[in-house]
Amino acid sequence: RFEDVIHPGHRALGHPDVVMSVPRFWVDDPVSVHQNRQMSRETAMRIGSCVTPDGFGNHARGDKCPVSERTVFVAIASYRD
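Residues numbered from 1 in each chain as written. Predicted model: local features only at pLDDT ≥ 70, side-chain atom pairs only at ≥ 80, totals over all residues. Heavy atoms only, no water.

Thoughts on the confidence of the model for the protein chain
Here the protein chain averages 80 in pLDDT, and 79% of its residues register 70 or above. At the low end of the mean pLDDT range in the protein chain sits helix α1 (residues 8-12), at 75; at the high end sits strand β3 (residues 49-50), at 91. (pLDDT = per-residue confidence, 0-100. Helix = DSSP H or I, 4+ residues; strand = E, 2+ residues; numbered from the N terminus.)

Okay, structure coming up:
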């Protein structure tokens, strides 16, 4: 399934909109992390990591991690890459 989106680069430069037909962004997968919506804070805190580990070497520190050291890895794959 495809959907039409406006090319963000053209819009950012003030050029006329260019419509692109692209594969759907969300995968219809009932066990996916995103569940076809924005990730909740609770999920991000569960799967995210902290730059600095705790005393046991654990990077999954949740709320104990300083805000400035919280990360969530995101990967976007394209079959055209």
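The structure having been displayed, the exposition proceeds.
Notes on the pattern of salt bridges
Counting across every chain of the model gives 2 salt bridges. A salt bridge links Arg41 to Asp63; the shortest N-O distance between them is 2.7 Å. Taken together, the residues span a long stretch of sequence, with Arg41 in helix α2 (residues 41-47) and Asp63 in the loop between β3 and β4 (70-71) at a distance of 22 residues. Each member of the pair Arg41 and Asp63 is classed as exposed. Where Asp63 meets Arg70, a salt bridge forms, and the shortest distance between an N and an O atom there is 3.9 Å. (Salt bridge = Lys/Arg side-chain N within 4 Å of Asp/Glu carboxyl O. Buried < 20%, exposed > 50% of the residue type's maximum accessible area, 1.4 Å probe, protein only.)

Points about a nonpolar patch on the surface
There is a patch of nonpolar side chains on the surface, built from Val33, Met39, Ile47, Val72 and Val74 and spanning about 410 Å² of accessible area. As for its position among the elements, Val33 is in the loop between β2 (19-23) and α2. (Patch = residues over 30% accessible without salt bridge, like charges linked within 9 Å, V, L, I, M, F, W, Y side chains within 5 Å. Areas by Shrake-Rupley, 256 points an atom, 1.4 Å probe, with all protein chains shown as cover.)

Describing the environment of Pro53
With respect to the helices, strands and loops of the structure, Pro53 is situated in the loop between β3 and β4. Judged by relative accessible area, which is 33%, Pro53 ranks as partly exposed. Remark: the alpha-carbon pair of Pro53 and Cys65, spanning 12 residues in sequence, is separated by 8.5 Å. The contacts of Pro53, once residues within four sequence positions are left out, are Asn58, His59 and Arg61. (Contact = heavy atoms within 4.5 Å.)

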